[in-house]
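These are the residues of each chain, in order.
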Amino acid sequence: MTKVSPEVGDKMQEEIVLSVSADVSFASNHFPKYKIGPNNQILEEPKVDPKAPSLKEVVAQETSLLVEQQKRLSVRDLASKFDKNLSAAAKLNDEARLREVASLEGHVLLKKLRDALESIRGRLAGRNKEDVEKAISMVEALAVKLTQREGELIQEKFEVKKLANFLKQASEDAKKLVSQERSFACAEIESARAVVQRFGEALEEQEKNSQASEKQDVEGLMDEVQEARKIRIRHQPSKVMDMEHELRALRIQIREKSIFSVKLQKELAISKRAEENPSRLYELNGSETLGSYLRIQPCSDKAPELLKCSIQWYRVSSESSKNEPISGANKSIYAPEPFDVGRILQADIVSNGQKATVMTTGPIEPAAGLGNYVDTLMRKPNTEFNVVISQTNGQDHPSHSVHVFHVGKMRMKLCKGWITKARESYTASMQLCGVRGGGNAAAKALFWQARKGHSFVLAFESERDRNAAIMLARRYALDCNVILAGPDDRA
């Protein structure tokens, strides 16, 4: 038989009190509240909320609350558990009674056995008498243990009775709670039905109003379509299209004339400079924009051959008019790079102690659409360009296979498949600029010094890719607090 301690009953009583209360109420902000009046009547306290939400939201909230409340307040299940515990307590009580009867029979048997042993001890002597005395002591010990067991049984019986009384009372309370909650649930269900009915009526009314408004909107749209058709017929759309074509053709003509005007202005400036200096020996040919190249050409029979002259290109700032020599730009051809945009380029030709100077008519202009192209590439974490290695560490590269030039936010890399030729982060020792000389292909090539003693000359597929790679790398390097420029450039 299992021993039941008083703590079990107390603990179960605390759990019951914590889980179920006699004054359970359904918390709600929108459904009407109820209270129990005399004779267990349900009294409704209506309360009108002017700022209440829509009926659909109210129904959804109250449905969720009812589901949670059903899961939380399963009073009927609790009452069934109480009934099971009560039946178990009754079984324990019956077992205790049976054990009490068996205990009484044991006392009677032990007393008869002790009397028999006493009568035998008087008749015997010697060793047999000692054995009888030991048997009598063992019988007495069994009687003491039986008495202790009876005390424990009395205590268990008391606890079982206490538990049975407690479970009986709890079962009665649970039944009361079941009936009370049933009344509350019925009232809530009736209220919910009324709300759902009102909500359905409101939806039907809203649907009727929407159908009427849609019908009016359709009629209004039909009237507008008819009016638009009348206006279209009245204004003859074919003439409007002809006017649009004429405007487009005029825009194209204006653009072409503006380009031609700029070209004429440059030629006029060159002719004025030629008139001012009739003894000039050389002139610059080529478009003064980023992505093209400039070539020095003789314009007089007295001009010495360029191969026998020393040439040096300069950047001239429009504000300070100071000449900044471009290191390595000592050829008759020079391709402007992004650093040259907004600056005037000048070249000095020295032969036999005589110096001739040529310069652009104005600052180098940016390439059309290059800024937007670079901004688009900036959105990617890494940009790849197909290139061909022309030189490595100043020596011509024998192979003309295509490599991939990676320009990333933290470093640049040159590789071919799985083979990496160079991979360096942006540092102060890195240099990047356009190739300063090298013929007509100079506008597509750049010079990259990954680190000291390790440099490349790379040829791109187009002028735009070359200039975009330079601008992109310089922006990423500036984010790393590194100014990326060419040899001896004043950044």
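Residues numbered from 1 in each chain as written. Predicted model: local features only at pLDDT ≥ 70, side-chain atom pairs only at ≥ 80, totals over all residues. Heavy atoms only, no water.

The next subject is the overall build of the protein. Per the secondary structure count, the protein includes 7 helices and 17 strands. Long-range pairs, those at least 24 residues apart, make up 59% of the contacts in the protein with a sequence separation of at least 6. Total accessible area on the protein stands at roughly 32800 Å², and carbon and sulfur atoms take up 54% of it. (Helix = DSSP H or I, 4+ residues; strand = E, 2+ residues; numbered from the N terminus. Contact = heavy atoms within 4.5 Å. Areas by Shrake-Rupley, 256 points an atom, 1.4 Å probe, with all protein chains shown as cover.)

Moving on to the pairing of strand 14 (residues 419–425). It is a general feature of regular strands that their side chains alternate between the two faces of the sheet. Where strand 13 (residues 411–416) meets strand 14, 6 bridges bridge the pair, whose relative direction is antiparallel. The partner of Met412 across the bridge, within strand 14, is Glu424. Remark: 2 residues form the turn of the hairpin made by strand 13 and strand 14, two consecutive strands paired antiparallel; Gly417 in that turn has positive phi of roughly 65°. (Pairing = 2+ DSSP bridges.)

It is worth spelling out the packing of aromatic side chains at this point. Applying the stated criterion to the full structure yields 5 aromatic pairs. Cluster of aromatic residues (ring-pair linked, three or more members): Phe385, Phe405, Trp448, Phe456 and Phe460. Stacked on the ring of Tyr373, the Lys or Arg Arg464 has its end atom at 3.9 Å from the ring centre. Stacked on the ring of Phe339, the Lys or Arg Arg474 has its end atom at 3.9 Å from the ring centre. (Phe/Tyr/Trp six-rings, centres within 6.5 Å; stacked < 30°, edge-to-face > 60°. Lys NZ or Arg CZ within 6 Å of the ring centre and 35° of its normal.)

Attention now goes to the sheet that holds strand 6 (residues 323–325). Taken in spatial order, the 4 strands make up an open sheet running 6-5-8-9, and their pairing is antiparallel. The open sheet has two free edges, formed respectively by strand 6 and strand 9 (354–359), since each of these has just one partner strand. Each adjacent strand pair in this sheet contributes to an overall mean axis angle of 30°, direction not counted. Sheet topology note: the strand 5 (residues 310–316)/strand 6 ladder contains 3 bridges and is antiparallel. In the sheet register, Val316 faces strand 6, and the bridge partner there is Asn323. (Axes fitted to C-alpha atoms, helices over the stretch in contact; angles between N-to-C directions.)

The next subject is a nonpolar patch on the surface. Together, Leu247, Leu250 and Ile254 line one region of the surface with nonpolar side chains, adding up to about 300 Å² of accessible area. Of note, Ile254 is situated in helix 5 (residues 237–276). Residue classification places Ile254 among the exposed residues on the basis of a relative accessible area of 59%. (Patch = residues over 30% accessible without salt bridge, like charges linked within 9 Å, V, L, I, M, F, W, Y side chains within 5 Å. Salt bridge = Lys/Arg side-chain N within 4 Å of Asp/Glu carboxyl O. Buried < 20%, exposed > 50% of the residue type's maximum accessible area, 1.4 Å probe, protein only.)

Here the focus is the nonpolar core. One recurring pattern in soluble globular proteins is that nonpolar side chains are buried together. The biggest cluster of nonpolar side chains holds 32 residues, and the ones touching the most others in it are Phe385, Phe405, Val407, Met412, Tyr426, Trp448 and Leu458. Of all the elements in the fold, those that place two or more residues in this core are helix 6 (370–378), strand 10 (382–392), strand 12 (402–408), strand 13, strand 16 (445–451), strand 17 (454–460) and helix 7 (463–479). Broken down by element, the residue count for this core peaks at 8 residues, all from helix 7. Those residues within four positions of Val407 in sequence are excluded, and the remaining contacts are Asn382, Thr383, Phe385, Met412, Tyr426, Leu472, Ala473 and Tyr476. (Core = buried A, V, L, I, M, F, W, Y, C linked by side-chain atoms within 4.5 Å.)

Along the polypeptide, Arg343 turns up in the loop between strand 7 (333–334) and strand 8 (344–351). In sequence terms Arg343 and Val316 are 27 residues apart; their C-alpha atoms lie 5.9 Å from each other. Setting aside residues no more than four positions away along its own chain, Arg343 makes contact with Arg315, Val316, Glu324, Gly362, Pro363 and Ile364.

Interhelical geometry of helix 6 versus helix 7 gives an angle of 55° and a closest axis separation of 10 Å. One way to sum up the angle between helix 6 and helix 7 is to call them oblique. Relative to helix 7, the crossing made by helix 6 is right-handed. Of the residues in helix 7, those touching helix 6 at Leu370, Tyr373, Val374, Asp375, Leu377 and Met378 are Arg464, Asp465, Asn467, Ala468, Met471, Leu472, Arg475 and Tyr476. (Parallel < 35°, antiparallel > 145°, perpendicular 65-115°, else oblique. Left-handed = near helix turned anticlockwise from the far one by under 90°.)

Turning our attention to the sheet that holds strand 3 (residues 282–285). If you walk across this open sheet you meet the 3 strands as 3-4-7, and the pairing is antiparallel. With one partner strand each, in any of the chains shown, strand 3 and strand 7 form the two edges of the open sheet. The pairing of strand 3 with strand 4 (residues 294–298) spans 4 bridges and is classified as antiparallel. Within the sheet, the bridge partner assigned to Glu283 lies in strand 4 and is Gln297.

This brings us to the pattern of salt bridges. All chains considered together, the criterion is met by 11 salt bridges. In this structure, Arg315 and Glu337 form a salt bridge, with 3.7 Å as the shortest nitrogen-oxygen distance. Of this pair, Arg315 sits in strand 5 while Glu337 sits in the loop between strand 7 and strand 8, and the two are 22 residues apart along the sequence. When sorted by exposure, Arg315 lands in the same class as Glu337, which is buried. Close ionic contact of Asp340 with Arg315 constitutes a salt bridge, the shortest N to O distance being 2.3 Å. Placement of Asp340 in the loop between strand 7 and strand 8 and of Arg315 in strand 5 is noted, with a sequence separation of 25 residues between them.

Looking at the protein as a whole, its pLDDT mean stands at 77, while 75% of the residues score no less than 70. Looking over the protein, one finds the lowest element-wise mean pLDDT in helix 1 (residues 6–19), namely 41, and the highest in strand 12, namely 95. The low-confidence segment residues 1–32 (pLDDT under 50) makes 53 contacts with residues lying over four places distant or belonging to another chain. (pLDDT = per-residue confidence, 0-100.)

Backbone geometry at Asn393 places phi at a positive 55°, although glycine is not the residue there. Tracing the backbone shows Asn393 in the loop between strand 10 and strand 11 (395–396). Judged by relative accessible area, which is 38%, Asn393 ranks as partly exposed.

To continue, consider helix 6. All of the buried residues in helix 6 are Leu370, Tyr373, Val374 and Leu377. The buried side chains of helix 6 occupy one side of the element, clustering within an arc of 95° when seen end-on. Each element contacted by the buried residues of helix 6 is listed here: strand 10 and helix 7. (Arc of directions from axis to C-beta.)

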